[in-house]
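Observations on the model geometry
Given next are the chains, with one letter for each unit.
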Amino acid sequence: MAIKKTKESVNLIDSFKDFKETKNIDKATLVSVIEDSFRSVLQKTYGNEDSYDLIVNPEKGDFEIYHNRTVVPDGEVTNENTQIPLSEAQKIDDDYEVGEEVSQRVNFSDFGRRAILTLRQTMAAKILELEHDNLYNKYKDKVGQIITAEVYQIWKRETLLLDDDGNELLMPKSEQIPGDFFRKGEAARAIVLRVDNLNNNPKIILSRTSPDFLRRLLENEVPEISDGLITIHNIVRIPGERAKVAVESYNERIDPVGACVGVKGSRIHGIVRELHNENIDVINYTSNPKLYIQRALNPAHISSINLDEENKKAEVYLKSDQVSLAIGKNGLNIKLASMLTGYTIDVFREPSEEDTEDIYLDEFADEIDQWIIDAIKGIGLDTAKAVLNADREMLQQADLEEDTIDEVLSILRAEFED
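Analysis parameters
- Residues numbered from 1 in each chain as written.
- Predicted model: local features only at pLDDT ≥ 70, side-chain atom pairs only at ≥ 80, totals over all residues.
- Heavy atoms only, no water.
- pLDDT = per-residue confidence, 0-100.
- Contact = heavy atoms within 4.5 Å.
- Buried < 20%, exposed > 50% of the residue type's maximum accessible area, 1.4 Å probe, protein only.
- Helix = DSSP H or I, 4+ residues; strand = E, 2+ residues; numbered from the N terminus.
- Pairing = 2+ DSSP bridges.
- Axes fitted to C-alpha atoms, helices over the stretch in contact; angles between N-to-C directions.
- Arc of directions from axis to C-beta.
- Patch = residues over 30% accessible without salt bridge, like charges linked within 9 Å, V, L, I, M, F, W, Y side chains within 5 Å.
- Areas by Shrake-Rupley, 256 points an atom, 1.4 Å probe, with all protein chains shown as cover.
- Salt bridge = Lys/Arg side-chain N within 4 Å of Asp/Glu carboxyl O.
- Lys, Arg positive; Asp, Glu negative; His and termini not counted.
- Charge placed at Lys NZ, Arg CZ, Asp CG, Glu CD.
- Nonpolar A, V, L, I, M, F, W, Y, C, P; charged D, E, K, R; others polar.
- Core = buried A, V, L, I, M, F, W, Y, C linked by side-chain atoms within 4.5 Å.

The next point concerns the confidence of the model for the chain. Overall, the prediction assigns the chain a mean pLDDT of 85, with 90% of residues at 70 or greater. Between residues 1–6, whose pLDDT stays under 50, and residues either more than four places distant or in other chains, the model counts eleven contacts.

Encoded structure:
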């Protein structure tokens, strides 16, 4: 007996065809979702779903429903859902007798609009729950791994990307490198930073600013790292500006820094381009804190270091021409060195014979505001001649207005002219 497909049944079947094609749901799961949803509705409608059989054909997106009832004498039906009178059973087949079971195929539309609507809503809820579970399970073990996804939508605060299965991934603006500029449809690389799963509604958060993104890029480019011959001890970054990487090799024949950089920078150049020309310093790790700090402040040459290991503080003394190198442009070098080593680093200019003819900046407190003096001392210049001998670019690192710098220089020059 052919079953007539109602508009509701066709919509339901088509929706599952689409779901199967777009979400790659397996056959067993598809059948389970339909059966569970159907029996849930029967339970709500009749209080018992045992008298119905559902046969699902996921390949065609079709299904058949059979109503099973026991034949009872006419006039003795106590439950229409589980029993059928003899006269009605014999209309189906003359051979039916009392006590036998009748299995009758029924139309989907026979359950009524309300039941059909409830069934579709139940299925939609189960599909959504299944989709969320699949997304969470797919990405929970990928945290910290690099993925490539397609840029789909760009907003002010975040960018929406799609993976190969059409799942939505989010990259907040705070997790994007300042130089990042995405176009819809292009591929972007990032690491899976975390998977938020509030109320079973997973959100996959991507990042290009995390130190782990640089770590994974290095693992991809440097076989010695992925093979375990070189260990990355620490990575610190100011995304898009500068990064420092501490590496170590337990094989004396392997130069860890050289292996990471590659011949003429062949291995590091690709990573630098990916990070929009982020300057990457690779240094040899050591457990000796003084030597570690010295290497971290490269390219500056250190004269001496005083350590307070208990409070994790270091006083670093350098010659005048090395102070600006230690601090770096906009103070990035010393900031990253502190982050890498875990020490608060204070830079001091090493005393020289000329210091006897020099004047400490604090002596000019009656002519120069103290906050200006502190700002200049913060970049490692604590005497008048140190300021006068410094180049303009270094003085700008004190974050002072140009007019203020000119006024300070004028006051200091006047002192020596006198």
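From this point, the narrative continues.
Regular strands have side chains that alternate between both faces of the sheet. In terms of burial, strand β9 (residues 201–207) is a largely internal element, five of the seven residues being buried. The pairing of strand β7 (residues 168–172) with β9 spans two bridges and is classified as parallel. Note that in β9 the partner of L170 across the bridge is I205. In the sheet, strand β8 (residues 187–198) pairs with β9 via seven bridges, with the strands oriented antiparallel. Opposite V195, over in β9, you have I204 as the bridge partner.

Once that is clear, we can look at the sheet that holds strand β15 (residues 344–349). Spatially, the three strands line up as an open sheet ordered β13-β14-β15, and their pairing is mixed. Two strands in the sheet have a free side with no partner beyond their single neighbour: β13 (304–308) and β15. If you compare each strand with its neighbour and ignore which way they point, the axes differ by 20° on average. Here β13 runs beside strand β14 (residues 313–318); their pairing, made up of five bridges, is antiparallel. Looking at the pairing, N306 lines up with E315 of β14.

Our next topic: helix α9 (residues 289–296). Regarding α9, the residues found buried are Y292, I293 and A296. For α9, the buried positions fall inside an angular range of 95° around the axis, keeping them on one side.

What follows covers a negative patch on the surface. A contiguous patch of negative charge on the surface is contributed by D93, D94, D95, E97 and E100. Along the chain, D95 falls in the loop between α3 (86–92) and β4 (101–106). Residue classification places D95 among the exposed residues on the basis of a relative accessible area of 60%.

In the contact formed by helix α10 (residues 320–327) and helix α11 (residues 332–341), the axes pass within 5 Å of each other and the chain directions differ by 65°. Here L325, A326 and I327 of α10 lie close against α11, whose contacting residues are L332, N333 and I334. Residues that form the contact of α10 with α11 fall into these classes: five nonpolar, one polar and no charged.

This paragraph deals with the nonpolar core. Among the nonpolar cores identified, the biggest contains 46 residues, and I345 and L381 are the most heavily contacted of them. Those residues in contact with L381, other than ones at most four positions away along the chain, are L361, I376, A386, V387, A390, M394 and L395.

Our focus in this paragraph is the environment of I205. Locating I205 in the fold gives a position in strand β9. Judged by relative accessible area, I205 falls into the buried class, the value being 6%. Distance in space between the C-alpha atoms of I205 and L160 is 9.9 Å, their sequence separation being 45 residues. With sequence-adjacent residues up to four places away left out, I205 is seen in contact with L170, P172, I191, V192, L193, R194 and D196.

Judged by pairing direction, the barrel is mixed, and its five strands sit side by side in the order β5-β6-β7-β9-β8 before closing back on the first. Between one strand axis and the next, the sheet turns through 55° on average, direction left out of account. Judged from the five bridges that link them, strand β5 (residues 146–154) and β8 form a sheet pairing that is antiparallel. Across the sheet, residue T148 finds its bridge partner in β8, namely R189.

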